[in-house]
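Summary of structural features
Now for the letters of each chain:
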Amino acid sequence: MSWTRTSLTALAVCVLLLTGTAGCGSGAARNQGDGGISPSPVGKVLDDTDGDGRHYREVPEDDAPDVAVQVQPDPDDAGGGGWDVRLTLRDFRFSPPGMKAQAVAGRGLAYLFVDGRLVARLRAPDHRLPSGLVPRGTHQVTVRLYADDGTVWAVDGKPVESTADVTASEAETAAAPGATPSTAALSAPGTRFRTGGQGSPDRGGKAS
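Residues numbered from 1 in each chain as written. Predicted model: local features only at pLDDT ≥ 70, side-chain atom pairs only at ≥ 80, totals over all residues. Heavy atoms only, no water.

**So, unusual backbone geometry**
Located in the positive-phi region is Asp 91, a residue other than glycine, with phi close to 55°. Among the secondary structure elements, Asp 91 is positioned in the loop between strand E4 (83–90) and strand E5 (93–94). In this structure, Asp 156 takes a positive phi of about 55° despite not being glycine. Within the secondary structure, Asp 156 sits in the loop between strand E10 (152–155) and strand E11 (158–159). Its relative accessible area of 61% is what places Asp 156 among the exposed residues. (Helix = DSSP H or I, 4+ residues; strand = E, 2+ residues; numbered from the N terminus. Buried < 20%, exposed > 50% of the residue type's maximum accessible area, 1.4 Å probe, protein only.)

The structure is reproduced here in structure tokens:
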């Protein structure tokens, strides 16, 4: 009788130890998951893409970043034909180099396009556009906001972007050294667009 009781007691202790160990292991796994190692995704990735195949990341308008662009002749490059690009941002901050390729709300880079062609990735609100990228004639300069994982910030299925028309005049192109750029070459102020219309590259990378 005593042998049977001893065996049953030992068996019960083993079961409790195993159960306790399994429970502790499960709790640790749950705590690790709650620690933010795999944060919930930001917005919703859509099937729509930009001209280079980068998917749109849809976010509610109230939580979305915004951008406006203005382009003017570079006052320090008289006769050189360079352009100053200036961005006005809302609810958006630039990520420093080396950031993890992960979408974080209101953060990322601005891509600069001229006539639908990508010419620069910006991490600051000011940029100088060389004259060679804006030859004589009228061109569209578009700035579009991207997350750090390369997705495009979007609202209502449209990219968050802004476009300004730039006209480089013949007089400005042929200006003598030291001449002041003509006022006819000034761009129109950037207008906030949340549409894929003016100056937005299509899937072939051309301006629409």
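Following the structure, the description resumes.
**Quick notes on the nonpolar core**
In this structure, Val 71, Leu 87, Leu 112 and Leu 129 are the most contacted members of the largest nonpolar core, which totals 28 residues. Elements supplying a minimum of two residues to this core: strand E3 (66–73), E4, strand E6 (107–114), strand E7 (117–122), strand E9 (137–146), E10 and strand E12 (161–168). Non-local contacts of Leu 129, meaning those with residues more than four positions away in its chain, are made with Gly 82, Trp 83, Val 85, Leu 112, Val 114, Val 119, Val 134 and Val 141. (Core = buried A, V, L, I, M, F, W, Y, C linked by side-chain atoms within 4.5 Å. Contact = heavy atoms within 4.5 Å.)

**Some points on the pairing of E3**
Burial of E3 is extensive: six of the eight residues sit out of reach of the surface. Summarising the sheet, E3 and E4 pair through eight bridges and their orientation is antiparallel. Bridging from a neighbouring strand, Ala 68 pairs with Thr 88 of E4. (Pairing = 2+ DSSP bridges.)

**Regarding the pattern of salt bridges**
If you walk through the whole model with that rule in mind, you get eight salt bridges. Of the charged contacts, one joins Arg 57 and Asp 149 as a salt bridge, the two residues approaching to 2.6 Å between their closest N and O atoms. With Arg 57 in strand E2 (residues 55–58) and Asp 149 in the loop between E9 and E10, the pair connects residues that are 92 residues apart, well separated along the chain. By relative accessible area, which is 30% here, Asp 149 ends up partly exposed. In this structure, Asp 66 and Arg 90 form a salt bridge, with 3.5 Å as the shortest nitrogen-oxygen distance. Of this pair, Asp 66 sits in strand E3 while Arg 90 sits in strand E4; the two residues are 24 residues apart in sequence, bridging distant segments of the chain. Since its relative accessible area comes to 5%, Asp 66 is described here as buried. Classification of Arg 90 by relative accessible area gives partly exposed; the value is 38%. Within the structure, one salt-bridge network assembled from shared partners comprises Asp 50, Asp 52 and Arg 54. (Salt bridge = Lys/Arg side-chain N within 4 Å of Asp/Glu carboxyl O.)

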